[in-house]
Amino acid sequence: MTLLLTVVSSALLATLVALHRGLFHRGAKARIVALSAKFAEAGLAFLALALNGATLLLIDVVLGRTAAVIVTACTLTMFGGLWFILPRALRRPPDTGPAVFK
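One structure accompanies this document, and this report is about it. (Residues numbered from 1 in each chain as written. Predicted model: local features only at pLDDT ≥ 70, side-chain atom pairs only at ≥ 80, totals over all residues. Heavy atoms only, no water.)

## Quick word on helix H2 (residues 29-63)
No. 1: Its 35 residues give H2 an end-to-end C-alpha distance of 49 Å, which sits within 8% of 51 Å, the value for a rise of 1.5 Å per residue.
No. 2: Along H2, the residues that are buried comprise Ile-32, Ser-36, Gly-43, Ala-48, Ala-50, Asn-52, Gly-53 and Ile-59.
No. 3: Buried residues along H2 sit in contact with helix H1 (2-23) and helix H3 (65-91).
No. 4: Where H2 ends, the next residue or the one after it, Gly-64, has phi of about 105°, a positive value. (Helix = DSSP H or I, 4+ residues; strand = E, 2+ residues; numbered from the N terminus. Expected span 1.5 Å × (residues − 1). Buried < 20%, exposed > 50% of the residue type's maximum accessible area, 1.4 Å probe, protein only. Contact = heavy atoms within 4.5 Å.)

## What to know about the environment of Thr-55
No. 1: Note on placement: Thr-55 falls in helix H2.
No. 2: Relative accessible area serves as the criterion here: at 22%, Thr-55 is assigned to the partly exposed category.
No. 3: Sequence separation of Thr-55 and Phe-39 is 16 residues, and the distance between their C-alpha atoms is 24 Å.
No. 4: If near-sequence neighbours (up to four positions away) are discounted, Thr-55 is found in contact with Val-71, Thr-72 and Thr-75.

## Considerations on the pattern of salt bridges
No. 1: In total, this model carries two salt bridges according to the counting rule given.
No. 2: Between Glu-41 and Arg-88 there is a salt bridge, and its shortest N-O distance comes to 2.6 Å. One end of the pair, Glu-41, is in helix H2; the other, Arg-88, is in helix H3, and 47 residues separate them in sequence.
No. 3: Glu-41 sits in the partly exposed class, given a relative accessible area of 33%.
No. 4: The salt bridge involving Asp-60 is made with Arg-65; its shortest N-O contact spans 3.0 Å.
No. 5: Using a relative accessible area of 55% as the deciding quantity, one classes Arg-65 as exposed. (Salt bridge = Lys/Arg side-chain N within 4 Å of Asp/Glu carboxyl O.)

Function cannot be read off these values alone, since they describe shape.
Written as structure tokens, this is what we have:
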């Protein structure tokens with residue numbers, strides 16, 4: 001399963017390059033940006049799942065199931081926070097964002 005998540009992630013992230021190459025200089029900048037944002041977010045989600053799947057597998061073998069679940073929950077939270085929550089928080093106008101970003 002982890003291998004398949006990695007393949008899907010790679011395909012989605014490589015699609016950004018194909019979109020750019022196929023649509024560049026065709027007056028489609030807004031379309032490229034909109035599609036690229038969606039593919040990048042999906043690619044990052046699949047990459048996070050793949051990395052967490054690998055973490056779960058390895059830690060389970062080395063330290064046991066309980067440690068694997070705890071470590072994977074921590075890394076999943078880290079990816080979610082850094083890759084998805086933080087960018088959304090920073091998109092807000094400065095006067096409405098969290099105090100830490102002002």
